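Architecture and fold: a report
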Amino acid sequence: MNGHARLLRRRLVVTLAVLALALVVAGLAAGSEGWSPASLWGPDAPLIVGQIRAPRTLGAWLVGALLGLAGAVAQGLFRNPLADPYLLGAASGATLAVVLGLAAQAMAGHYISLATASLLSSAGLVLGAFLGALGGVLLTLLLSRGAQHTTRLLLAGVVVGVVLGAASDLVTNVAPDALRGKQWFMLGSTSFLGWQSVLLLGAGVLVCVPLAWRLARALDALTLGTDSALSLGLALPRLRLVLVVVLALATGLAVAQSGLIAFVGLVAPHLVRRFAPSAQGYLLVVSALMGGTLLLAADVLARLLIAPQELPVGVLTALLGGGYLLWLLHRRGIE
Amino acid sequence: MRITRWLVSLLLALAAFQAAAAGVSLKDDRGRTLQLAAPPQRVVSLLPSLTESLCALGGCPRLVGTDRYSNSPPEVVALPKLGGIDDAQVERIVALKPDVVLAATSARIIERLESLGVKVIVVESKTHADVQRSLNTLAQLLGTPERAAPVWERIQREMGEAAARVPPQLRGQRVYFEVDASPYAAGPGSFIGETLVRLGLANIVAPELGPFPKLNPEYVLRAQPDILVGAQRNVGEMPGRPGWSALRAVQRQRICGFDPAHYEVLIRPGPRMGEAALQLADCLAALR
């Protein structure tokens with residue numbers, strides 16, 4: 001291991017940590033009336049800052065961290081830099097569940113029984129989206145008969161995405177009322193995150209990051225190819241399955257709390273690889289740091305740019321992430 | 001003398017107690033009972049039709065903020081706009097310290113606001129009966145239950161007046177009311193469909209298709225509606241849709257198109273439903 005690379009890696013971690021801390025402070029001071037540090041000491045501070053801005057700020061970081069981690073896992077698992085957390089049916093499954101929850105009332109009596117409708121709407125959109133995301137991945141796993149062949153897994157994921165996407169289109173066709181809600185879910189939003197969301201997301205990060213770290217060796221072996229990995233004595237099918245579970249759990253938790261936030265999962269590992277090339281363990285953990293910092297930055301910007309109105313944070317991540325990828329392609333083209 | 005003074009003060013105290021105890025307890029459309037110590041003085045509405053209903057009941061001065069689409073009556077235009085119902089701004093709503101927030105079901109904002117201790121009343125308006133019920137709920141909420149009936153009666157009076165303005169030869173004619181160019185139609189079960197029935201008109205959409213069904217454009221062609229109704233922008237392009245120039249209603253120009261300001265009145269289930277019926281009747285009366 002050479003010293004320069006180690007320095008780069010350490011510098012990236014420190015930079016990300018400092019940035020995240022600064023952004024947390026900014027997130028506490030950025031409110032509906034724009035930049036307002038004075039509100040931190042106002043009489044409303046316990047409610048406005050303590051109950052709204054603080055959980056939203058931490059929640060945005062945690063959602064970003066889960067997406068960054070899931071993106072790194074997906075890219076390692078498929079050995080493809082274009083893989084993202086939504087590849088295995090989690091996004092389409094969650095969307096279908098949300099649309100069903102939204103349309104339950106309109107469809108009650110017409111297309112589904114009243115009992116089913118009340119079950120769907122009582123489950124709540126957050127739990128529904130989480131279960132939908134896991135259901136989507138499970139369906140993908142069933143169709144690909146496990147995780148031993150990544151190509152099959154990828155194809156099954158694409159098929160599940162298309163089919164479940166069509167199913168939610170079918171539901172909105174019958175109940176157009178659900179269209180607006182679906183659109184906002186697909187855009188993603190951090191504005192409804194409360195302390196309960198933070199607890200759930202935090203628990204998710206505490207479970208997923210160490211688990212992914214332990215599996216990093218398998219991903220390292222995979223980068224050498226399946227045969228080399230097998231020759232190293234790794235139980236590949238089982239390890240792949242656990243990786244898919246981590247991917248599903250991280251993505252499901254993030255998506256359930258804040259919708260389909262675009263590009264964070266795709267871009268975070270790229271940025272880490274660009275600034276500090278490294279083995280998979282470092283990449284996984286620092287991608288989580290990177291994802292958290294990215295989404296938090298986008299969230300603070302979304303609150304400030306057109307205050308007192310607010311931009312949908314998903315629009316910002318898509319613009320920034322897409323812009324970065326374009327720039328990357330452009331640079332590659334020149335080189 | 002002393003005893004009278006004492007009695008008077010006792011009576012005053014009792015009256016004050018009575019006023020304080022005149023809390024509000026009502027059931028919203030989720031079936032949830034809501035208790036308020038007193039009629040709310042600060043209200044946020046997240047739906048244009050609820051904003052209009054509240055104002056029609058005299059509650060406009062109590063509004064402290066609305067969603068971005070609420071634009072009627074004119075008093076509400078200057079109020080803080082707090083986003084749409086699916087992307088409402090939690091922090092701004094809470095900072096306004098509302099006693100109650102009015103919303104429709106299926107809004108994620110409801111859970112979040114309730115976890116922050118804000119009271120939310122869910123009101124659904126899909127049919128005429130819903131509008132009547134929601135007027136009652138809101139009037140009760142404002143502590144002025146007697147105000148609901150006059151508003152509803154005005155709507156009914158305007159509906160009757162509108163029905164009388166529809167030329168007799170148009171009775172029973174079949175209408176295609178387009179709510180979206182995809183195309184989505186207003187079925188007989190929707191509040192728009194109910195208004196058409198009040199005006200003595202028939203609908204090309206069968207009731208079992210639901211309130212706002214998505215149709216195949218061919219369905220409209222086969223049904224050969226006698227009259228087309230919709231937003232000006234949409235009805236204006238109807239002759240250009242494949243095959244639609246064969247519609248008799250298009251050939252005979254039996255089309256009612258409304259500019260955005262008037263169309264908005266037609267598609268809001270609230271106190272302006274009577275006005276909507278009058279608009280429709282006037283357009284129908286102007287058809288040859």
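Throughout what follows, the structure given in this document is the object of discussion. (Residues numbered from 1 in each chain as written. Chains lettered and ligands numbered in written order. Predicted model: local features only at pLDDT ≥ 70, side-chain atom pairs only at ≥ 80, totals over all residues.)

To continue, consider the overall build of chain B. Looking only at helices and strands, one finds 12 helices and 11 strands in chain B. Viewed in the frame of its principal axes, chain B has a C-alpha envelope of about 90 × 40 × 35 Å. Counting the 288 residues in chain B, one finds 44% classified as buried. Across chain B, every contact between residues at least 6 apart in sequence was considered, and the portion connecting residues at least 24 apart equals 55%. (Helix = DSSP H or I, 4+ residues; strand = E, 2+ residues; numbered from the N terminus. Buried ≥ 20, exposed ≤ 12 C-beta atoms within 10 Å, placed from the backbone. Contact = placed C-beta atoms within 7 Å.)

Time to look at the overall build of chain A. Regarding its fold elements, chain A presents 13 helices and two strands. Computed over the C-alpha atoms, the radius of gyration of chain A is 20 Å, within 12% of the 20 Å expected from 2.2 N^0.38 for a compact globule of 335 residues. Its C-alpha atoms put chain A at 60 × 55 × 40 Å along the principal axes. Relative to its full complement of 335 residues, chain A shows a buried share of 52%. Partitioning the intrachain contacts of chain A with sequence separation of at least 6 by distance along the chain shows that 80% fall at a separation of at least 24. (Rg over C-alpha atoms; globule rule 2.2 N^0.38 Å.)

Let's shift gears to the nonpolar core. Of all hydrophobic cores here, the largest spans 185 residues; its most connected members are A:Leu66, A:Leu69, A:Val73 and B:Leu102. Considering each element in turn, this core owes the most residues, 17 residues, to helix 2 (residues 45-77) of chain A. Structurally, this core is a two-domain feature, drawing no fewer than three residues from each of domain 1 (24-143) and domain 2 (166-286) of chain B. Other than its neighbours up to four places away in sequence, B:Leu102 contacts B:Val43, B:Val44, B:Ser45, B:Leu46, B:Leu47, B:Leu50, B:Ile121 and B:Val123. (Core = buried A, V, L, I, M, F, W, Y, C linked by C-beta atoms within 7 Å. Domains from an automatic or database assignment.)

Right, let's get into the interface of chain B and chain A. With 21 residues of chain B at the interface, the matching set in chain A holds 25 residues. Counting only elements with at least two residues in the side of chain B that touches chain A, the list comes to helix 3 (90-95) and helix 4 (109-115) of chain B. Here the element with the most residues in the side of chain B that touches chain A is helix 3 of chain B; it accounts for five residues. Of the residues assigned to the side of chain B that touches chain A, the class counts are seven nonpolar, six polar and eight charged. (Nonpolar A, V, L, I, M, F, W, Y, C, P; charged D, E, K, R; others polar.)

Residues and elements named next belong to chain B. Between its terminal C-alpha atoms helix 12 (residues 273-286) stretches 20 Å, which fits the 20 Å expected from 14 residues at 1.5 Å a residue. Among the residues of helix 12, Met273, Gly274, Ala276, Ala277, Leu280, Ala281 and Leu284 are the ones counted as buried. Looking straight down helix 12, one finds that the buried residues subtend no more than 155 degrees of arc, so they occupy a single side. In this structure, helix 12 carries Ala285 and Ala286 as exposed residues pointing more than 90 degrees from its buried face. Here the buried face of helix 12 lies against helix 5 (128-141), helix 6 (148-165), helix 7 (191-198), strand 11 (255-258) and helix 11 (260-266). (Expected span 1.5 Å × (residues − 1). Arc of directions from axis to C-beta.)

On to the packing of helix 2 of chain A against helix 12 (residues 280-304) of chain A. Residues and elements named next belong to chain A. In contact at an axis separation of 6 Å, helix 2 and helix 12 are set at 140 degrees when each is read in the N-to-C sense. Here helix 2 is positioned oblique relative to helix 12, judged by the angle of their axes. Between helix 2 and helix 12 lies a crossing whose hand is right-handed. Of the residues assigned to the contact of helix 2 with helix 12, the class counts are 17 nonpolar, nine polar and one charged. (Axes fitted to C-alpha atoms, helices over the stretch in contact; angles between N-to-C directions. Parallel < 35°, antiparallel > 145°, perpendicular 65-115°, else oblique. Left-handed = near helix turned anticlockwise from the far one by under 90°.)

This part covers the pairing of strand 5 (residues 100-103) of chain B. All names here are of chain B. Across the two faces of strand 5 the burial is the same, with Val100 and Leu102 and Val101 and Ala103 all buried. For strand 3 (residues 43-45) and strand 5, the ladder comprises three bridges, and the chain directions are parallel. Paired with Val44 across the two strands is Val101, which belongs to strand 5. Sheet analysis places strand 5 next to strand 6 (residues 120-122), joined by three bridges and oriented parallel. (Pairing = 2+ DSSP bridges.)

Residues and elements named next belong to chain B. Strand order in the open sheet formed by four strands is 4-3-5-6, with parallel pairing between adjacent strands. Both outer strands of the open sheet, strand 4 (63-66) and strand 6, are each paired with one neighbouring strand and no more. Neighbour-to-neighbour, the strand axes of the sheet open up by a mean angle of 20 degrees, direction not taken into account.

Residues and elements named next belong to chain A. Note that Asp227 resides in helix 9 (residues 226-231). A count of 8 C-beta atoms within 10 Å places Asp227 in the exposed class. Taking the C-alpha atoms as reference points, Asp227 and Leu304, 77 residues apart in sequence, are found 51 Å from one another.

Below, the discussion takes up the environment of B:Arg198. Relative to the helices and strands, B:Arg198 is located in helix 7. With residues up to four places along the chain from it excluded, the contact list for B:Arg198 reads B:Met159, B:Ala163 and B:Ala277.

Next up on the list: the pairing of strand 4 of chain B. Residues and elements named next belong to chain B. Two strands pair when backbone bridges link them, and strand 3 and strand 4 are joined in this way by three bridges, in the parallel orientation. In the sheet register, Val43 faces strand 4, and the bridge partner there is Leu63. Regarding topology, helix 2 (residues 48-56) serves as the crossover connection from strand 3 to the parallel strand 4, and that connection is right-handed. (Right-handed = clockwise from strand over helix to strand, strands pointing away.)

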